[in-house]
Amino acid sequence: PVLVDAKEGSGVQSLMQRILPLARLLPHYNMEFPTTWLDVRKWFIENEGKEKGKRIRRITKDHYITKICHPRGVTDPDAQEALLEDLAAAGYCYYRPGDVVLGQEIIVDQGWALEAIYRPLHRKNVAPVWRRWNGRIPVDMIRETLGTEYSESDQELLLNFMVANGLCFPAN
């Protein structure tokens, strides 16, 4: 293992020596991004910079392709997919190709999603009640904790997001 001290900065060179050879094996390493790709990334940055209630929270893959990529000149399907995977890896959105749980949904406001999925854990009055269920909490109780500020569709997406990330599991 490589030990790094964030406060003192020691160990950073050792870490770089271990990471750099592996990074060079990545498919997009040292690739110059086309300006069209940067324009698409700018859309995500601008959305994140909006006030909390004015951000777009989620989009479909079709919306990403037709409303974000095409108008900015990214028309090749392989490029659209590679870019989306890069945007997700860089933290601009949540997307996993072939995700059977989330399907074609892309979460573009990850702060919104994370706030929602951890909301049940922050409620002081919820934990004691949920303990009685021995870890098998009914979906309607989770939905109630999320509250009316999340639409049914949003709640469904968030529950799927929780399942996709191993935070909850469907009961058999």
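So, a few notes on the structure that sits alongside this text.

Reading the values: the criteria
Residues numbered from 1 in each chain as written. Predicted model: local features only at pLDDT ≥ 70, side-chain atom pairs only at ≥ 80, totals over all residues. Heavy atoms only, no water. Salt bridge = Lys/Arg side-chain N within 4 Å of Asp/Glu carboxyl O. Helix = DSSP H or I, 4+ residues; strand = E, 2+ residues; numbered from the N terminus. Buried < 20%, exposed > 50% of the residue type's maximum accessible area, 1.4 Å probe, protein only. Phe/Tyr/Trp six-rings, centres within 6.5 Å; stacked < 30°, edge-to-face > 60°. Arc of directions from axis to C-beta. Contact = heavy atoms within 4.5 Å. Axes fitted to C-alpha atoms, helices over the stretch in contact; angles between N-to-C directions. Parallel < 35°, antiparallel > 145°, perpendicular 65-115°, else oblique. Nonpolar A, V, L, I, M, F, W, Y, C, P; charged D, E, K, R; others polar.

## A word on the pattern of salt bridges
Next, step 1: Scanning the entire structure with this criterion turns up eight salt bridges.
Next, step 2: A salt bridge links Lys52 to Glu115; the shortest N-O distance between them is 3.0 Å. Here the residue Lys52 occupies a position in the loop between helix H2 (35-49) and strand E1 (58-60), and Glu115 occupies one in helix H5 (residues 110-122), the gap between them amounting to 63 residues.
Next, step 3: Judged by its relative accessible area of 55%, Lys52 falls in the exposed class.
Next, step 4: Note that Arg55 and Asp109 form a salt bridge whose closest N and O atoms lie 3.5 Å from each other. With a gap of 54 residues between them, Arg55 in the loop between H2 and E1 and Asp109 in the loop between strand E2 (105-107) and H5 connect regions that are remote in the sequence.
Next, step 5: Accessibility expressed as a relative area gives 24% for Arg55, which makes it partly exposed.

## Quick look at the packing of aromatic side chains
Next, step 1: Taken as a whole and judged by the stated rule, the model has four aromatic pairs.
Next, step 2: Judged by centre distance (5.9 Å) and plane angle (40°), the rings of Trp112 and Tyr150 are tilted. Remark: Tyr150 occurs in the loop between helix H7 (139-146) and helix H8 (152-164) and Trp112 occurs in helix H5; sequence separation between them is 38 residues.

## Looking at the side chain of Glu81
Next, step 1: Positionally, Glu81 belongs in helix H4 (residues 77-89).
Next, step 2: We classify Glu81 as buried; its relative accessible area is 17%.

## What about helix H3 (residues 61-69)?
Next, step 1: By the burial criterion, the buried members of H3 are Lys61, Tyr64, Ile68 and Cys69. The buried residues of H3 occupy an angular sector of 75° when the element is viewed end-on, so they sit on one face. Exposed side of H3, more than 90 degrees from the buried face: Asp62 and Lys67 are the residues found there.
Next, step 2: Contact partners of the buried residues in H3: H2, E1, H4 and E2.

## Regarding the packing of H2 against H3
Next, step 1: Orientation of H2 relative to H3, taken along the N-to-C sense of each, is 110°, at an axis distance of 11 Å. By the angle between their directions, the pair H2 and H3 is classed as roughly perpendicular. Together, Val40, Trp43 and Phe44 of H2 and Tyr64, Ile68 and Cys69 of H3 make up the contact between the two elements.
Next, step 2: Across the contact of H2 with H3, the residue classes break down as six nonpolar, no polar and no charged.

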